[in-house]
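Below are the chains, spelled out letter by letter.
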Amino acid sequence: MPEVPALTPPAIFTEQCDAIGLKLTDDEVAQLGRFLHLLLETNKRFNLTGIKDPDVAWLRHVLDSLSVFPCLEGVETLADVGTGGGLPGIPLAIVRPDMRVTLMEATGKKANFCIDTAKALGLKNVAVVNERAETIGQDRRYRAHFDAAIARAVGPMNVMLELTLPLVKIGGRVLAMKGRSVEDELRDIGDALVVLGGGEIAVFDALPGVEDEAVIVQVAKERTTISTYPRRPGIPKQEPL
Ligand code: SAM
């Protein structure tokens, strides 16, 4: 297989990694640069991201994905629900080769991009499931299987929690990558937590020390999800909890 060219990060990427205490090896930076090359090249053929400028993509895609790194201590198995072009799952798999990352994506073309990319980068810790999260969450192979589930840009909290919490073991957590306005979404999620087995909620700045709106919402999985959740494909979004 031909070598994948690696994009080079702008200086501000390295500065912002330093600001959040993230030390990357040269090999990791090269792998992240290869991922970004494949993402932006494939994006010319079909839509994976609205961002076309590589320097912006280093910050808005790669750094944003890596901002979750401190929340993954002790996590050995991670589900990335609605991963699209592999975000945040592929950058996280690159910097955590010891963690098994399962990328879940409903759209075939996007899931195939993730499969091809994991192969081209030699990422042995990445698996891809081309299926809707509602179906995966009712599948015995995946339900209550993961130490953590993560999602970025996959709907409001009540919808996102129905797609993610059923996948997580008791004692594990969901990580939602959000903007500061998530406080409004959190106000009304009481019922969702009751039926899905969610518990304590904590909200962190994604990039402390960097002026940015991004936050990470961590929701603990404290009890078993009621067996009828997640509901049938499409229902979580049409009739949010
Ligand atoms: N997480 C990626 C990112 O941050 O760039 C992609 C975000 S994109 C806005 C939302 C993705 O979630 C789409 O690729 C869509 O196909 C996928 N998606 C939406 N609902 C889903 C579901 N119920 N099950 C699996 N994937 C879903």
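Just so you know, these numbers come straight off a predicted model, no measurement behind them. (Residues numbered from 1 in each chain as written. Predicted model: local features only at pLDDT ≥ 70, side-chain atom pairs only at ≥ 80, totals over all residues. Heavy atoms only, no water.)

## Description of the environment of Leu-72
Our working definition: Secondary structure follows DSSP: runs of H or I at least 4 residues long count as helices, runs of E at least 2 residues long count as strands, and numbering of each begins at the N terminus. Note on definitions: a residue-residue contact is assigned when non-hydrogen atoms from the two residues lie within 4.5 Å.
Counting through the fold element by element, Leu-72 comes out in the loop between helix H3 (54-66) and strand E1 (77-81). Counting along the chain gives 101 residues from Leu-72 to Arg-173, while the straight-line C-alpha distance between them is 9.5 Å. Setting aside anything within four residues of it in sequence, one finds Leu-72 in contact with Leu-78, Leu-92, Arg-96, Met-99, Arg-173 and Leu-175.

## Section: the site of the ligand
Where we set the bar: Residues are counted as near a molecule or strand when any one of their heavy atoms sits within 4 Å of it. Here a polar contact means two N or O atoms within 3.5 Å. Within protein one must be a hydrogen donor candidate and the other an acceptor candidate, and residues neighboring in sequence count only if both atoms are side-chain atoms. For accessible areas, the Shrake-Rupley method is used with a probe of radius 1.4 Å. Any residue's cover is judged against the shown protein chains and nothing else.
Taken together, 15 residues sit near the ligand, with Gly-82, Leu-87, Glu-105, Ala-133 and Arg-152 positioned nearest. A distance of 2.8 Å separates a nitrogen atom of the ligand from a polar backbone atom of Leu-87. At a separation of 2.6 Å, an oxygen atom of the ligand approaches a polar side-chain atom of Glu-105. Here the ligand has 600 Å² of accessible area as a free molecule, and 77% of this is covered by the chains.

## Some details on the state of the cysteines
Selection criterion: In plain terms, two cysteine sulfur atoms within 2.5 Å form what is called a disulfide here.
In the structure shown here, the tally under the stated rule is zero disulfides. For Cys-71, which is in no disulfide, the shortest distance to another cysteine sulfur is to Cys-17 and amounts to 15 Å.

## Here's the deal with the sheet that holds E1
Basically, it comes down to this: A strand pair is defined by DSSP finding two or more bridges across the two strands. Every axis corresponds to a line fitted to the C-alpha atoms, with the helix fit spanning only the stretch in contact, and the corresponding angles, defined between N-to-C directions, vary from 0 to 180 degrees.
Read across the open sheet, the seven strands follow the order E3-E2-E1-E4-E5-E7-E6; overall the sheet is mixed. With one partner strand each, in any of the chains shown, strand E3 (126-129) and strand E6 (198-205) form the two edges of the open sheet. Taken pair by pair, the neighbouring strands of this sheet meet at an average axis angle of 20°, ignoring direction. The pairing of strand E4 (residues 146-152) with strand E5 (residues 168-179) spans six bridges and is classified as parallel.

## Examining the layout of surface pockets
As a reminder, the rule being used: Within this scheme a cavity is a closed region of a 1 Å grid, computed over the protein atoms alone, that accommodates a 1.4 Å probe without allowing it to escape, whereas a pocket is open but has protein on both sides within 12 Å along at least five of seven lines; lining residues each have an atom within 4 Å of a point. Grid points are joined across faces, edges and corners, and a volume is the space filled by probe spheres set on the points. Each residue receives one of three labels: charged for Asp, Glu, Lys and Arg, nonpolar for Ala, Val, Leu, Ile, Met, Phe, Trp, Tyr, Cys and Pro, and polar for the others, Gly being one of them.
There is about 640 Å³ of room inside the largest pocket. Taken together, 28 residues line the largest pocket, and the ones lying closest to its centre are Gly-82, Glu-105, Arg-152, Ala-153 and Val-154. The residue inventory of the lining of the largest pocket, partitioned by class, reads 12 nonpolar, eight polar and eight charged.

## Structural notes on the nonpolar core
Heads up, the condition is: Among buried residues, the Ala, Val, Leu, Ile, Met, Phe, Trp, Tyr and Cys ones that are joined through side-chain atoms within 4.5 Å form a nonpolar core. Any residue under 20% of the maximum accessible area for its type is buried, any over 50% is exposed, and the rest in between are partly exposed; the area is computed with a 1.4 Å probe on protein chains only.
Counting 48 residues, the largest nonpolar core has Val-68 and Leu-78 as the members making the most contacts within it. Beyond its immediate chain neighbours, meaning those up to four positions away, Leu-78 contacts Leu-72, Leu-92, Met-99, Arg-100, Val-101, Thr-102, Phe-146, Ala-148, Ala-149 and Ile-150.

## Regarding the side chain of Thr-49
Along the polypeptide, Thr-49 turns up in the loop between helix H2 (26-42) and H3. You can call Thr-49 buried: its relative accessible area is 5%. Among residues more than four places away in sequence, those in contact with Thr-49 are Leu-39, Leu-40, Asn-43 and His-61.

## Describing the pattern of salt bridges
This is how it is decided: We count a salt bridge whenever a side-chain nitrogen from Lys or Arg sits within 4 Å of a carboxyl oxygen from Asp or Glu.
Enumeration over the complete set of coordinates arrives at 13 salt bridges. Close ionic contact of Asp-64 with Arg-152 constitutes a salt bridge, the shortest N to O distance being 2.8 Å. With a gap of 88 residues between them, Asp-64 in helix H3 and Arg-152 in strand E4 connect regions that are remote in the sequence. This pair shows no difference in class: Asp-64 is buried, exactly as Arg-152 is.

## Regarding H2
To be explicit about the condition: To estimate the expected span of a helix, subtract one from its residue number and multiply by 1.5 Å.
Its 17 residues give H2 an end-to-end C-alpha distance of 24 Å, which sits within 8% of 24 Å, the value for a rise of 1.5 Å per residue. Listed in full, the buried residues belonging to H2 are Glu-28, Gln-31, Leu-32, Gly-33, Phe-35, Leu-36, His-37, Leu-38, Leu-39, Leu-40 and Thr-42.

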